[in-house]
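Read off the chains here:
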Amino acid sequence: KQTMESARETTKHSSSTNVDVPMVGKEQLAHLGDEVTCLMWASAFTTAVTRYVTQVITDKGNPPFQVPHFEYVTGALAMEVTFNHAQEKRVNAWLVERRISKEEQGPWRKYINNDSPVPLKQTNEDDITRAHFLAFSQHLQYKITGKLAFVSDYQGKL
């Protein structure tokens, strides 16, 4: 079973031609480096929340609701450095992510916008619980980091 998705290109939108143009070289590497760094921090923050909740459950017992489980897709920065006949260096970079099977995916949902800490309205109880848990996790991340950072704009598939 293949566990890594084929590499995806990084693109930027060109307003003059109204199309997405692939980024290459240093521009692509800089963008993907930022994306991998954000993924690393967001994953670490989510792990910190999971550890905190696990410790509280250990100390005080289970809450009266099912605690949602969230994780970020595992990703890595892959680079290829090549030299042409004139010994000019070329760098290609890709974001490689864990493949998620169709069975693992559910419908896409957006839980919290990046412009408000208030969860978006959801249509069922499970999604409401998830949205409230994510709002709680933002608050906890903000507290854990000394009011420096938290993950925003929660969205994805279940």
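Higher on the page you've got the structure.
Residues numbered from 1 in each chain as written. Predicted model: local features only at pLDDT ≥ 70, side-chain atom pairs only at ≥ 80, totals over all residues. Heavy atoms only, no water.

*Asks:* Would you mind going over the overall build of the chain in detail, with residue names and values included?
*Replies:* Tallying secondary structure elements over the chain gives 2 helices and 6 strands in all. Burial analysis of the chain (158 residues in total) assigns 23% to the buried set. Put simply, the chain shows about 11,400 Å² of open surface, and 55% of that area lies on carbon and sulfur atoms. (Helix = DSSP H or I, 4+ residues; strand = E, 2+ residues; numbered from the N terminus. Buried < 20%, exposed > 50% of the residue type's maximum accessible area, 1.4 Å probe, protein only. Areas by Shrake-Rupley, 256 points an atom, 1.4 Å probe, with all protein chains shown as cover.)

*Asks:* If you had to explain the nonpolar core to someone new, which residues and values would you point to?
*Replies:* In terms of nonpolar packing, the biggest core is built from 9 residues, these being Ala42, Phe45, Tyr111, Ile112, Ala131, Leu134, Ala135, Val151 and Tyr154. Looking at this core, the elements with two or more residues in it are helix H1 (25–60) and helix H2 (125–144). In terms of residue count, H2 provides more of this core than any other element does, 3 residues in total. Filtering out sequence-adjacent residues up to four positions away, Val151 remains in contact with Ala42, Phe45, Tyr72, Gln138 and Gln141. (Core = buried A, V, L, I, M, F, W, Y, C linked by side-chain atoms within 4.5 Å. Contact = heavy atoms within 4.5 Å.)

*Asks:* Explain the pairing of strand E4 (residues 89–97) to me, and be specific about the residues and the numbers.
*Replies:* Pairing between strand E3 (residues 75–83) and E4: 9 bridges, direction antiparallel. Bridging from a neighbouring strand, Glu80 pairs with Asn92 of E4. Taking the residues that link successive antiparallel strands as the turn, the E3-E4 hairpin has 5 residues, and the phi of Gln87 there is positive, at about 60°. (Pairing = 2+ DSSP bridges.)

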